[in-house]
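This is what each chain is made of:
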Amino acid sequence: MNTFLATVLVFFAILGHGYLWVAIVNRLHGWNGPRKLIDGLTLLSCVGFILLPVGVGWYWWKLRGHYLTQHESHLLAAWTRDYVMACALVGLSNLLARCCGGLHDDDPSVVLSTQISKPTFPRHLRSAVYRGIYPRLLGLIPLNESLRLSVETKRIAIPKLPETLRGLRIAHLSDLHLTGRMGPEWFNFVADEVNRLDVDAIAITGDLIENAECREWLTACLGRLRARLGVYFILGNHDHYVDANQTISQLTAAGLTYLGAKSIRTQWRGVPVLLAGNGQPWATEPPDLKNSNETPHFSLLLLHTPDLMDWATAVQGDLALAGHTHGGQVCFPLLGAVAVPSLY
């Protein structure tokens, strides 16, 4: 094999190695399994991600220096060759799929327009918002966007939307993950920016808190949200790491409406509307949508994971909003979005 072909093979093998292990970790975090088991398998995946290329490199170095016996060389050659070729195939196929099918982030027939604004977090609060050495060190990494808020305003075409509801403005907020590593200043800033949008309704799709010591922050943040037609929320998988019932009671007392595993029929602008939430696979059951003979003119579904889009389609929801994937959160050239926990 000449040098050029070998270089191409190694390039696609490295790319495929990244795609493969990222896909494994994402599927682990789209599964409803024990937290310790998922965390353990994630750690093993990270070890595999690091050590497998080291093992391949070690074999090639040993082979080139003639440090291996014929038997050792035969055994190691098989798995290194097969793994490198498999990774190269994965890398090439994924890159082609992204180039051919990933030209549009949104379906232009559904998302008619998108506007992005980036409110600036107050500079005088930046030094205090990171709590602990680990977050502060990460905050020092150049080009990190941990304190950059992006507000995306999308105009969406919804078939059969009643004329009365045209122009309805819904703010979607998700995955705040109150762990204590980011101070309450950040979350209050986010809530204030949502209020500044002056929307009709606010939908919150889970993973709100996973540290009981941050409960006061949660109330201060989400309790300040205001919308003419209400603020609605469901829980995510991380919310079950603490007392989920207490979280529901706390937010309900703050004026929010809980939609987990249930549906509400109400009226918006004089039009019958169905609101429902589904936190599966971490919740016990989907909401009951057959508790009334009245047919809603518009139905809004809150999901924690987009893996439930098939369910949303089956129950004929007009608009489904989901969180869990963090929008990718960490992205690399060619490799793309890394943190996309989904079974798909």
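Conventions used here
- Residues numbered from 1 in each chain as written.
- Predicted model: local features only at pLDDT ≥ 70, side-chain atom pairs only at ≥ 80, totals over all residues.
- Heavy atoms only, no water.
- Helix = DSSP H or I, 4+ residues; strand = E, 2+ residues; numbered from the N terminus.
- Buried < 20%, exposed > 50% of the residue type's maximum accessible area, 1.4 Å probe, protein only.
- Contact = heavy atoms within 4.5 Å.
- Areas by Shrake-Rupley, 256 points an atom, 1.4 Å probe, with all protein chains shown as cover.
- Lys, Arg positive; Asp, Glu negative; His and termini not counted.
- Charge placed at Lys NZ, Arg CZ, Asp CG, Glu CD.
- Pairing = 2+ DSSP bridges.
- Axes fitted to C-alpha atoms, helices over the stretch in contact; angles between N-to-C directions.
- Core = buried A, V, L, I, M, F, W, Y, C linked by side-chain atoms within 4.5 Å.
- Phe/Tyr/Trp six-rings, centres within 6.5 Å; stacked < 30°, edge-to-face > 60°.
- Expected span 1.5 Å × (residues − 1).
- Left-handed = near helix turned anticlockwise from the far one by under 90°.
- Nonpolar A, V, L, I, M, F, W, Y, C, P; charged D, E, K, R; others polar.

Caption draft 1: Region of interest: the overall build of the protein. Tallying secondary structure elements over the protein gives 9 helices and 12 strands in all. Structurally, the protein occupies a C-alpha span of about 80 × 45 × 35 Å along its principal axes. By residue count, 40% of the 344 residues in the protein fall in the buried class. A sequence separation of at least 24 residues applies to 72% of the contacts in the protein between residues at least 6 apart. Taken as a whole, the protein presents about 19,800 Å² of accessible surface, with 60% of it coming from carbon and sulfur. The positive charge centre, built from 28 side chains, and the negative charge centre, built from 27, are 5 Å apart in the protein.

Caption draft 2: Focus on the sheet that holds strand β9 (residues 298–303). Spatially, β7-β8-β9-β10 is the arrangement adopted by the 4 strands of the open sheet, whose pairing is mixed. Here the strands that pair on one side only, and so sit at the sheet edges, are β7 (263–268) and β10 (319–322). When the angles between neighbouring strand axes are averaged without regard to direction, this sheet yields 20°. As paired strands, strand β8 (residues 271–278) and β9 are joined by 6 bridges and run parallel to one another. Directly across from Gly277, in β9, lies its bridge partner Leu302.

Caption draft 3: Here's a closer look at the sheet that holds strand β5 (residues 231–234). The 4 strands lie next to each other as β3-β4-β5-β6, forming an open sheet whose pairing is parallel. Sheet topology places β3 (170–173) and β6 (257–258) at the edges, where each strand pairs with a single neighbour. Two elements, strand β4 (residues 201–205) and β5, share 4 bridges in a ladder whose sense is parallel. Residue pairing in the sheet places Ile204 in a bridge with Phe233 of β5.

Caption draft 4: Focus on the nonpolar core. Of all hydrophobic cores here, the largest spans 36 residues; its most connected members are Trp186, Ile204, Leu222 and Leu225. Of all elements in the fold, only β3, α6 (184–196), β4, α7 (215–222), β5 and α8 (244–253) reach the threshold of two or more residues within this core. With residues up to four places along the chain from it excluded, the contact list for Leu225 reads Leu173, Ala191, Val194, Asn195, Ile202, Ile204 and Val231. By size, the runner-up hydrophobic cluster in this structure holds 18 residues, among which are Ile234, Leu259, Val273 and Leu300.

Caption draft 5: Representation of the packing of aromatic side chains. Going through the model one piece at a time under the given rule, you end up with 7 aromatic pairs. With a centroid separation of 6.3 Å and 45° between ring planes, the pair formed by Tyr232 and Trp268 is classed as tilted. Of the two residues, Tyr232 is situated in strand β5 and Trp268 in strand β7; the sequence distance between them amounts to 36 residues. Residue class for Tyr232 comes out buried when judged on its relative accessible area of 8%.

Caption draft 6: Region of the structure containing helix α1 (residues 3–28). Its 26 residues place the ends of α1 38 Å apart at the C-alpha level, agreeing with the 38 Å of an ideal helix rising 1.5 Å per residue. Taken together, the buried positions of α1 are occupied by Phe12, Ala13, Leu15, Gly16, His17, Gly18, Tyr19, Trp21, Val22, Asn26 and Leu28.

Caption draft 7: Fine view of the pairing of β7. Both β7 and β8 contribute to a ladder of 6 bridges, which runs antiparallel. Residue Ser263 lies in a different strand from β8, and its bridge partner there is Ala276. Taking the residues between adjacent antiparallel strands as the criterion, β7 and β8 are bridged by 2 residues, where Arg269 takes a positive phi near 55°.

Caption draft 8: Seen up close, the packing of α7 against α8. Taken N-terminus to C-terminus, the directions of α7 and α8 make an angle of 35°; their axes are 10 Å apart at the nearest point. With respect to the hand of their crossing, α7 and α8 are arranged in right-handed fashion. Together, Arg215, Glu216, Leu218, Thr219 and Leu222 of α7 and Gln246, Thr247, Gln250 and Leu251 of α8 make up the contact between the two elements. The class makeup of the residues in the contact of α7 with α8 is 3 nonpolar, 4 polar and 2 charged.

Caption draft 9: Structural detail: unusual backbone geometry. Gln280 connects to Pro281 through a cis peptide bond whose omega is 5°. Mapped onto the elements of the fold, Pro281 is located in the loop between β8 and β9. The phi dihedral of Leu143 falls on the positive side, at around 70°, and the residue is not glycine. As for its placement among the helices and strands, Leu143 is situated in the loop between α5 (133–139) and β2 (151–156). Exposure remark for Leu143: the relative accessible area of 83% places this residue in the exposed category.

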